[in-house]
Amino acid sequence: MKVVVPVKRVIDYNVKVRVKADGSGVDLANVKMSMNPFDEIAVEEAIRLKEAGKADEVVAVSIGIKQAQETLRTALAMGADRAILVVAADDVHTDIEPLAVAKILAKVVEEEQPGLVLCGKQAIDNDMNATGQMLSAILGWSQATFASEVGIDGDSAVVTREVDGGLQTIKVKMPTVVSVDLRLNEPRYASLPNIMKAKKKPLDEKTAADYGVDVTPRLTVVKTSEPAERAAGEMVGSVDELVAKLKEKGAV
Amino acid sequence: MAVLLLAEVNNGELSMDATAKAVTASKALGDVTVLCAGASAADAAKEAATIDGVAKVLVAEDPALGHRLAESTADLIVSLAGDYDHIVAPATTDAKNVLPRLAALLDVMMLTDVSGVVDGDTFERPIYAGNAIQTVKSGDAKKVVSFRTASFDAAGTGGSAAVETVGGASASGLSEWVEDKVAESDRPELTSAGIVVSGGRGVGSEDDFALIEKLADKLGAAVGASRAAVDSGFAPNDWQVGQTGKVVAPDLYIAVGISGAIQHLAGMKDSKIIVAINKDEEAPIFQVADYGLVADLFEAVPELTEKL
Ligand SMILES: Cc1cc2nc3c(=O)[nH]c(=O)nc-3n(C[C@H](O)[C@H](O)[C@H](O)COP(=O)(O)OP(=O)(O)OC[C@H]3O[C@@H](n4cnc5c(N)ncnc54)[C@H](O)[C@@H]3O)c2cc1C
Ligand SMILES: Nc1ncnc2c1ncn2[C@@H]1O[C@H](COP(=O)(O)O)[C@@H](O)[C@H]1O
């Protein structure tokens with residue numbers, strides 16, 4: 001079975017974003033970019049499936065600007081076998097919407113014929129939480145979102161999902177799209193020798209036009225603004241003082 | 001303009017708070033029709049009909065809709081979609097599972113976690129863990145929107161909308177439910193509680209999390225947790241507050257042994273009053289706290305529980 005893992009290049013989760021003064025967006029020039037943390041978990045899971053003999057090839061796919069090849073090299077260094085970069089923008093500030101990403105991924109899936117697509121639950125930049133579900137819809141496949149446990153069993157997968165009330169386990173027909181949540185695994189770090197080896201692994205470069213997908217956004221960004229700032233609070237010296245303050249405010 | 005609102009129904013029961021908040025968010029968009037779907041949904045529909053501002057309730061009952069499996073639920077909504085300009089839901093995990101699938105079937109973009117409605121085409125939503133608010137205008141003929149419940153007040157009740165039955169659900173054959181692991185609790189629900197007490201890695205163990213729970217029970221509060229506390233097994237996954245967990249905005253939020261990473265703040269910084277208890281005076285949580293107490297939580301929390 002082949003596993004396709006879509007990985008997105010996003011602002012590193014440790015960086016605090018700054019909204020541009022003219023309200024046109026956030027400033028992504030010269031900030032540290034990394035693989036979306038959820039996608040690291042997806043790559044890790046795919047590699048573990050391969051190590052367990054349940055998968056035979058792991059293909060990482062990224063859609064975005066040319067520099068997303070660095071993200072793909074990270075996936076290759078972790079253990080993916082091959083990578084596909086689909087160039088769909090030339091400015092780091094152009095975000096390709098989940099609908100367009102899903103349409104491109106659907107074409108990749110048509111070509112690659114994987115048994116499983118493992119994607120992240122959410123990209124930490126746009127916070128959409130949509131691409132996996134959309135891809136599954138376009139393909140007419142089953143879906144299992146927010147996975148904290150994935151068991152592949154022949155032509156079905158048993159997936160435990162993190163939901164509002166706790167955990168839900170479902171059984172889905174393969175091929176399927178699974179979106180991964182934080183507790184699925186702890187991604188490995190790429191070792192130096194593997195980083196060197198990854199440089200020689202195949203990385204194909206395509207464009208959105210090669211797949212005939214129109215990436216024109218459906219949502220126009222009118223403006224981007226700073227969230228309301230909280231006014232500075234005060235420090236209290238003791239539990240008694242805290243209780244008094246809370247009572248004064250009618251909070252307890 | 002007409003709105004179809006997918007109500008939050010779990011095992012036949014309506015989640016009133018989430019649904020009523022989504023009704024408030026939808027009011028400016030047009031007449032609101034609420035859809036209650038599930039293996040059993042009639043009681044939920046009756047209850048939804050009492051929410052102020054609801055014009056009509058549709059009830060779809062079919063075993064295929066049990067447990068809100070995404071494939072059959074999305075198919076059902078597609079069959080109803082023709083009559084509506086907006087298809088919306090509270091941004092619960094169920095809606096986040098179903099609505100993007102629906103949006104792709106309708107070939108429209110999804111608007112996730114909307115926190116403000118500007119007009120029928122234009123919406124505000126937080127991005128980058130709430131560090132920026134984006135205003136976006138949708139060019140799609142139909143809009144599929146999930147609403148961040150913490151940003152809206154619940155609509156009142158007292159209405160009596162008509163309830164109609166709709167059919168058309170069929171099993172997708174793609175997925176089946178196996179089991180739910182849901183902890184029963186008498187505590188208020190995290191996303192609707194007036195007070196939330198959350199514990200972080202600083203609490204140190206699952207056993208010591210009882211300290212947090214005792215304080216919560218004294219206050220009639222819900223219990224939350226940071227990702228680190230959940231990852232370490234101190235607390236269950238559905239207690240996680242943050243960018244990728246639940247978003248809460250109670251009147252009072254007490255953060256204990258939580259450092260205040262941006263991903264955590266994303267889930268609680270709209271709370272009315274924030275209290276932080278942390279032994280590290282440099283902890284970033286103090287920058288958003290109305291009242292900060294530098295103390296060892298193992299001393300401060302029992303004392304606070306006693307004195308409240
Ligand atoms: C993709 C992604 C998504 C994430 N999503 C979320 C999310 O939704 N929610 C979330 O919370 N995090 C999330 N995180 C994790 C986040 O970045 C932080 O790692 C996490 O919030 C830290 O949890 P913490 O504050 O409990 O732990 P720490 O940062 O380890 O802080 C523990 C605090 O406890 C204090 N402490 C220790 N002992 C005591 C004591 N005896 N008395 C008083 N204070 C004490 C310490 O001073 C410290 O400030 C996410 C991260 C990533 C990468
Ligand atoms: N541009 C992209 N390139 C590759 N994968 C993507 C891209 N955008 C989204 N994804 C995948 O879809 C998941 C969810 O993203 P989103 O729907 O944008 O929150 C991510 O974790 C990735 O696995």
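Model, not experiment: these values are computed from the prediction.

If you tally the helices and strands in chain A, you get six helices and 13 strands. In terms of principal-axis extent, the alpha carbons of chain A reach across some 65 × 45 × 40 Å. By residue count, 56% of the 252 residues in chain A fall in the buried class. Pairs at least 24 residues apart make up 72% of the contacts formed inside chain A by residues separated by at least 6 positions. Accessible surface computed for chain A: about 10,900 Å², of which carbon and sulfur atoms make up 49%. Considering chain A, the positive charge centre built from 32 side chains and the negative charge centre built from 38 side chains are found 2 Å apart.

A word on the site of ligand 2. Residue and element names in this part refer to chain A. Around ligand 2, 19 residues are found, and the nearest of them are Pro6, Asp39, Ile63, Ala123 and Thr131. Contact between ligand 2 and Asn36: an oxygen atom at 3.0 Å from a side-chain N or O atom of the residue. At a separation of 3.3 Å, an oxygen atom of ligand 2 approaches a polar side-chain atom of Asn126. Burial of ligand 2 by the protein amounts to 99% of the accessible area it has alone, namely 480 Å². Contributions of two or more residues to the shell around ligand 2 are made by β4 (57-64), α3 (98-112) and β6 (116-120). Considering every element that reaches the shell around ligand 2, the biggest residue donor is β4, with three residues.

Residues and elements named next belong to chain A. If you trace the backbone, Thr160 turns up in strand β8 (residues 156-163). Judged by its relative accessible area of 10%, Thr160 is buried. Excluding residues that lie within four positions of it along the chain, Thr160 makes contacts with Phe146, Ala147, Ser148, Glu149, Leu167, Gln168 and Thr169.

Moving on to the site of ligand 1. Close to ligand 1 lie 29 residues; B:Arg201, B:Ser226, B:Gln240, B:Ser259 and B:Asn278 are nearest. Ligand 1 sits at a junction of chains, with neighbouring residues supplied by chains A and B. Within the contact set of ligand 1, an oxygen atom lies 2.7 Å away from a side-chain nitrogen or oxygen of B:Ser259. A distance of 3.0 Å is found between a nitrogen atom of ligand 1 and a side-chain nitrogen or oxygen belonging to B:Asp296. Taking 990 Å² as the accessible area of ligand 1 by itself, protein coverage stands at 86%. Here the shell around ligand 1 is composed, by residue class, of eleven nonpolar, 13 polar and five charged.

On to the UniProt feature "domain: Electron transfer flavoprotein alpha/beta-subunit N-terminal" (unreviewed entry) in chain A, then. The UniProt feature table records "domain: Electron transfer flavoprotein alpha/beta-subunit N-terminal" (unreviewed entry) at residues 23-215 of chain A. End-to-end, the C-alpha atoms of residues 23-215 of chain A are 23 Å apart, and along that stretch the chain is 30% helix and 31% strand.

Before going further, it helps to spend a moment on the domain arrangement of chain B. The extent of an interface is frequently quoted as the accessible surface area lost upon association of the parts. Residue and element names in this part refer to chain B. When the domains of chain B are assigned, the result is domain 1 (2-165) and domain 2 (195-307). Across the contact, six residues belong to domain 1 and seven residues belong to domain 2. For the pairing of domain 1 and domain 2, the buried interface totals around 540 Å² over both sides, and the portion due to carbon and sulfur atoms is 54%. Among the residues of domain 1 in contact with domain 2, Ala129, Arg148 and Ala150 are the three that bury the most area, contributing 73% of the side total.

What follows concerns the interface of chain B and chain A. The interface is formed by 81 residues belonging to chain B together with 74 residues belonging to chain A. Roughly 6,700 Å² is buried in total at the junction of chain B and chain A, and carbon and sulfur atoms are behind 56% of that figure. Contact with chain A buries surface across chain B, with B:Met109, B:Tyr128 and B:Tyr291 losing the most and accounting together for 12% of the total. Viewed at the interface, chain A and chain B are joined by 46 residue pairs in polar contact (both at pLDDT 80 or more). Looking at the side of chain B that touches chain A residue by residue, the class counts come to 39 nonpolar, 21 polar and 21 charged.

Residues and elements named next belong to chain B. Read across the open sheet, the seven strands follow the order β7-β11-β6-β1-β4-β5-β12; overall the sheet is parallel. Looking at the sheet topology across the chains shown, the edges are occupied by β7 (110-114) and β12 (162-165). Strand-to-strand twist of the sheet, defined as the mean angle between neighbouring strand axes without regard to direction, takes the value 25°.

The subject of this paragraph is the packing of aromatic side chains. What describes a pair of aromatic rings is the distance from one ring centre to the other and the angle between the planes of the rings. Residues and elements named next belong to chain B. On inspection of all chains with the given rule, the structure shows two aromatic pairs over all chains. Centre to centre, the rings of Phe147 and Phe152 are 5.6 Å apart; their planes meet at 75°, and the pair counts as edge-to-face. Summarising the burial analysis for this pair, Phe147 and Phe152 share the class buried.

So, on to helix α1 (residues 16-26) of chain B. Of all the eleven residues making up α1(B), eight are buried; the element is thus mostly covered by neighbouring parts of the structure. Of the positions making up α1(B), those classed as buried are B:Ala18, B:Thr19, B:Ala20, B:Lys21, B:Ala22, B:Val23, B:Ala25 and B:Ser26.

The subject of this paragraph is the environment of B:Lys272. On the secondary structure map, B:Lys272 appears in the loop between α7 (262-265) and β17 (273-278). Along the chain, B:Lys272 and B:Tyr253 lie 19 residues apart, while their C-alpha atoms are 7.8 Å from each other. Not counting the four nearest positions on each side in its chain, B:Lys272 is found in contact with A:Arg230, B:Pro250, B:Asp251 and B:Asp290.

Our next topic: the sheet that holds strand β9 (residues 122-127) of chain B. Pairing within the open sheet is antiparallel, and its four strands lie in the order β12(A)-β10(B)-β9(B)-β8(B). Each of the sheet's edge strands pairs with one partner strand only, and the pair in question is β12 (219-225) of chain A together with β8 (116-117) of chain B. Inspection of the sheet shows β8(B) paired to β9(B) by two bridges, in the antiparallel sense. Counted as the bridge partner of B:Val117 is B:Phe123 from β9(B).

Annotation from UniProt places "domain: Electron transfer flavoprotein alpha/beta-subunit N-terminal" (unreviewed entry) at residues 3-181 of chain B. Secondary structure content for residues 3-181 of chain B is 23% helix and 36% strand, while the C-alpha to C-alpha distance between its ends is 33 Å.

Turning to the side chain of B:Arg101, a few remarks are in order. In this structure, B:Arg101 sits in helix α4 (residues 93-105). No salt bridge is formed by the buried B:Arg101. Its closest oppositely charged neighbour is B:Glu71, at 4.8 Å. In this structure the side chain of B:Arg101 is engaged in a polar contact, spanning 2.5 Å, whose partner is the side chain of A:Ser136. There is a polar contact of 3.0 Å between the side chain of B:Arg101 and the side chain of A:Gln143. When near neighbours in sequence (up to four residues on either side) are disregarded, B:Arg101 contacts A:Gln133, A:Ser136, A:Ala137, A:Gly140, A:Trp141, A:Ser142, A:Gln143, B:Ala70, B:Glu71, B:Ala74 and B:Leu174.

Here we take up the pattern of salt bridges. Residue and element names in this part refer to chain B. In total, this model carries 33 salt bridges over all chains according to the counting rule given. Put simply, Arg68 and Glu8 hold a salt bridge, and the shortest N to O gap is 3.7 Å. Residue Arg68 is located in the loop between β5 (54-61) and α3 (70-80), and its partner Glu8 is located in the loop between β1 (2-6) and β2 (9-10); the two are separated by 60 residues in the primary sequence.

Conventions adopted
- Residues numbered from 1 in each chain as written.
- Chains lettered and ligands numbered in written order.
- Predicted model: local features only at pLDDT ≥ 70, side-chain atom pairs only at ≥ 80, totals over all residues.
- Heavy atoms only, no water.
- Helix = DSSP H or I, 4+ residues; strand = E, 2+ residues; numbered from the N terminus.
- Buried < 20%, exposed > 50% of the residue type's maximum accessible area, 1.4 Å probe, protein only.
- Contact = heavy atoms within 4.5 Å.
- Areas by Shrake-Rupley, 256 points an atom, 1.4 Å probe, with all protein chains shown as cover.
- Lys, Arg positive; Asp, Glu negative; His and termini not counted.
- Charge placed at Lys NZ, Arg CZ, Asp CG, Glu CD.
- Near = heavy atom within 4 Å.
- Polar contact = N/O pair within 3.5 Å; in protein donor to acceptor, adjacent residues only side chain to side chain.
- Nonpolar A, V, L, I, M, F, W, Y, C, P; charged D, E, K, R; others polar.
- UniProt positions renumbered as here; feature names shortened; annotations may be inferred.
- Domains from an automatic or database assignment.
- Buried area = accessible area lost by both parts, 1.4 Å probe.
- Pairing = 2+ DSSP bridges.
- Axes fitted to C-alpha atoms, helices over the stretch in contact; angles between N-to-C directions.
- Phe/Tyr/Trp six-rings, centres within 6.5 Å; stacked < 30°, edge-to-face > 60°.
- Salt bridge = Lys/Arg side-chain N within 4 Å of Asp/Glu carboxyl O.

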